[in-house]
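Structural characterization, general
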Amino acid sequence: MNDKLKVAVIGVGGISNAHIGAYKKNPDCEVVAFCDINEKVLKAQGEKHGVKKLYADYNVMFKEMPEIGAVSVCTWNSAHALATVAALNAGKHVLCEKPMALNAAQAEDMEAAAKKSSKKLAVGFVRRFGNDCAIARDFIGNGNLGEIYYAKATYIRRNGNPGGWFGDKSRSGGGPLIDLGVHVIDLVRYLTGNPKTVSVYGAAFTKLKNRPNLKSAKGYVSVSSEGAKDICDVEDLAAAMIRFANGTVLNVETSFSLNTEKDEGKIELFGTKGGIKLDPEFSLYTEINDYPADVKLAMPTALSFEGLFAKEINHFVDAVLNDTPLLAPAADGIEMMRILDAIYRSAASGHEEIIG
Ligand SMILES: NC(=O)c1ccc[n+]([C@@H]2O[C@H](COP(=O)([O-])OP(=O)(O)OC[C@H]3O[C@@H](n4cnc5c(N)ncnc54)[C@H](O)[C@@H]3O)[C@@H](O)[C@H]2O)c1
């Protein structure tokens, strides 16, 4: 008898490869089916990964393959909620890529479906599984920061609109805030104990769009994939101040297009005893013997993608098979969508948004 967890992947584009590769390496599961509305992509991925059951419609897949136990949802953002709810209603556990949905209302529907079916619903906050996150958690957990009261999160691209659906608000829900901001906002929430949010003040601008005219400077590669024919109705810069219920305030900046020197991705946390920076290497700023001291670790500390998705997938499979708690449950996906909704509302109104 084969009692492995049988897994299907819905949406088999770019990031699905990280999920599929990790499932294939996990001895407790087996990838049995793929679903994608793009026939060409579906066929190519089936051939590449040796998966024979291929579907254009996940409802048909669930009907024909009751043996499927769990699903990764790796579609573009606008399909996350429908695919996830359908999978949960069909009795499957779900790992849904970030962002959880287009907005908090959809995310709440997804959680309700998970509760109704008593199945797991994990959100793909993969940065929670990063080696850099583990180091930061060690230092925070051992009291090196004291009380954390302020944080900065930066995810800035100079010319990095990915193109395709990423620039199409109807499918993405927004630009760099919902695509990149989720990673860094969630990391700060996770490192500071998943606090609830009190209020946000946000700003968003759609000024530069995807700049297909821009020549690539030496050493800089634009990640804009499709060029001028792409729809681009998402913001190209979003910034916000987020106030959490534990008193911490987070200042976040994200962009796809910005007239700045270089791309940047970093997290900074400031506490009463010390501050840390993931830039991307780890630094601790503190006091030793009444001297200001900068501490670097004598080991690689930058986020490594090697095995990163495997940690997320192995955790999900383990949580499903052993009914253990999820590291990134639906509640954190919902809180993230509340934050993003409020930032977009605040950017539109010009006023602070109170999150009740
Ligand atoms: N965790 C990370 O670091 C990370 C990195 C990249 C992307 N992502 C997320 O993963 C998701 C996919 O991104 P991507 O870069 O792989 O995009 P992609 O365009 O390469 O792949 C998405 C696929 O979903 C398919 N699809 C869309 N609607 C569908 C539906 N209703 N049923 C079946 N298939 C459908 C599309 O045809 C496409 O092949 C996004 O939500 C993105 O935010 C996460």
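Residues numbered from 1 in each chain as written. Predicted model: local features only at pLDDT ≥ 70, side-chain atom pairs only at ≥ 80, totals over all residues. Heavy atoms only, no water.

1. Focus: the packing of aromatic side chains
Within a pair of aromatic rings, the relevant descriptors are the distance that separates the centres and the angle that separates the planes. Note the following rule: The rule is short: rings of Phe, Tyr and Trp, with Trp giving its six-membered ring, pair when the centres are within 6.5 Å, and they are stacked under 30 degrees, edge-to-face over 60, tilted in between. To qualify as a helix, a DSSP run of H or I must reach at least 4 residues; to qualify as a strand, a run of E must reach at least 2; elements of each kind are numbered from the N terminus. With a 1.4 Å probe rolled over the protein chains alone, any residue whose accessible area is under 20% of its type maximum counts as buried; one over 50% counts as exposed, and the rest are partly exposed.
In the structure shown here, the tally under the stated rule is 4 aromatic pairs. Geometrically, the ring pair formed by Tyr-58 and Phe-62 is tilted, given 6.2 Å between the ring centres and 45° between the ring planes. Of this pair, Tyr-58 and Phe-62 are both found in helix 3 (residues 58–64), 4 residues apart, which corresponds to roughly one turn of the helix. Across this residue pair, the class does not change: Tyr-58 and Phe-62 are buried.

2. Quick notes on the layout of surface pockets
Rules: Any residue with an atom within 4 Å of a point lines the site, the site being either a cavity, points on a 1 Å grid over the protein atoms alone where a 1.4 Å probe fits but cannot get out, or a pocket, an open set with protein on both sides within 12 Å along at least 5 of 7 lines. Grid points are joined across faces, edges and corners, and a volume is the space filled by probe spheres set on the points. Side-chain classes follow a simple rule in which Ala, Val, Leu, Ile, Met, Phe, Trp, Tyr, Cys and Pro form the nonpolar group, Asp, Glu, Lys and Arg form the charged group, and the remainder, Gly included, forms the polar group.
What the second largest pocket holds in volume is close to 160 Å³. In this structure, the second largest pocket is lined by Ala-18, Gly-21, Ala-22, Lys-25, Phe-305, Glu-306, Gly-307, Leu-308, Phe-309 and Ala-310. Elements represented by at least two residues in the lining of the second largest pocket include exactly helix 1 (16–25) and helix 9 (308–322). Top element by residues in the lining of the second largest pocket is helix 1. It accounts for 4 residues. Across the lining of the second largest pocket, the residue classes break down as 6 nonpolar, 2 polar and 2 charged.

3. Concerning the site of the ligand
Heads up, the rule is: Summary of the distance rule: residues count as near a molecule or strand when at least one heavy atom falls within 4 Å of that molecule or strand. Between N or O atoms, a polar contact is any pair within 3.5 Å; within protein, one atom must be a potential hydrogen donor and the other a potential acceptor, and residues adjacent in sequence are included only when both atoms are from side chains.
What surrounds the ligand is a group of 25 residues, the closest being Gly-14, Ile-15, Asp-36, Asn-77 and Trp-165. Between Lys-98 and the ligand, the recorded distance is 2.9 Å, taken from a backbone N or O atom to an oxygen atom. Grouping the amino acids of the shell around the ligand by side-chain chemistry returns 13 nonpolar, 8 polar and 4 charged.

4. Things to note about the packing of helix 6 (residues 131–141) against helix 8 (residues 176–191)
Which entries qualify depends on this criterion: Between N-to-C directions, angles span 0 to 180 degrees; the directions come from axes that are lines fitted to C-alpha atoms, helices contributing only their stretch in contact. Note that the term roughly parallel is reserved for angles under 35 degrees, roughly antiparallel for angles over 145, roughly perpendicular for angles of 65 to 115, and oblique for everything else. Crossings are classed by handedness, with left-handed meaning an anticlockwise turn of the near helix from the far one by less than a right angle and right-handed meaning a clockwise turn. By definition, residues are in contact when any of their heavy atoms lie within 4.5 Å.
At their nearest, the axes of helix 6 and helix 8 sit 10 Å apart, and the two run at 30° to each other. Relative to helix 8, helix 6 is oriented roughly parallel. By crossing handedness, the relation of helix 6 to helix 8 is classed as right-handed. In contact with Cys-133, Ala-136, Arg-137 and Ile-140 of helix 6, helix 8 contributes Leu-187, Tyr-190 and Leu-191. Residue composition of the contact of helix 6 with helix 8, grouped by class: 6 nonpolar, no polar and 1 charged.

5. Regarding the sheet that holds strand 6 (residues 121–124)
Short version of the rule: Only strands joined by at least two bridges in the DSSP assignment are considered to pair.
Spatially, 6 strands are ordered 3-2-1-4-5-6 in an open sheet, and the strand pairing comes out parallel. With one partner strand each, in any of the chains shown, strand 3 (53–55) and strand 6 form the two edges of the open sheet. For this sheet, the mean angle separating the axes of adjacent strands, direction not counted, is 25°. With 4 bridges joining them, strand 4 (residues 70–73) and strand 5 (residues 93–97) adopt parallel strand pairing.

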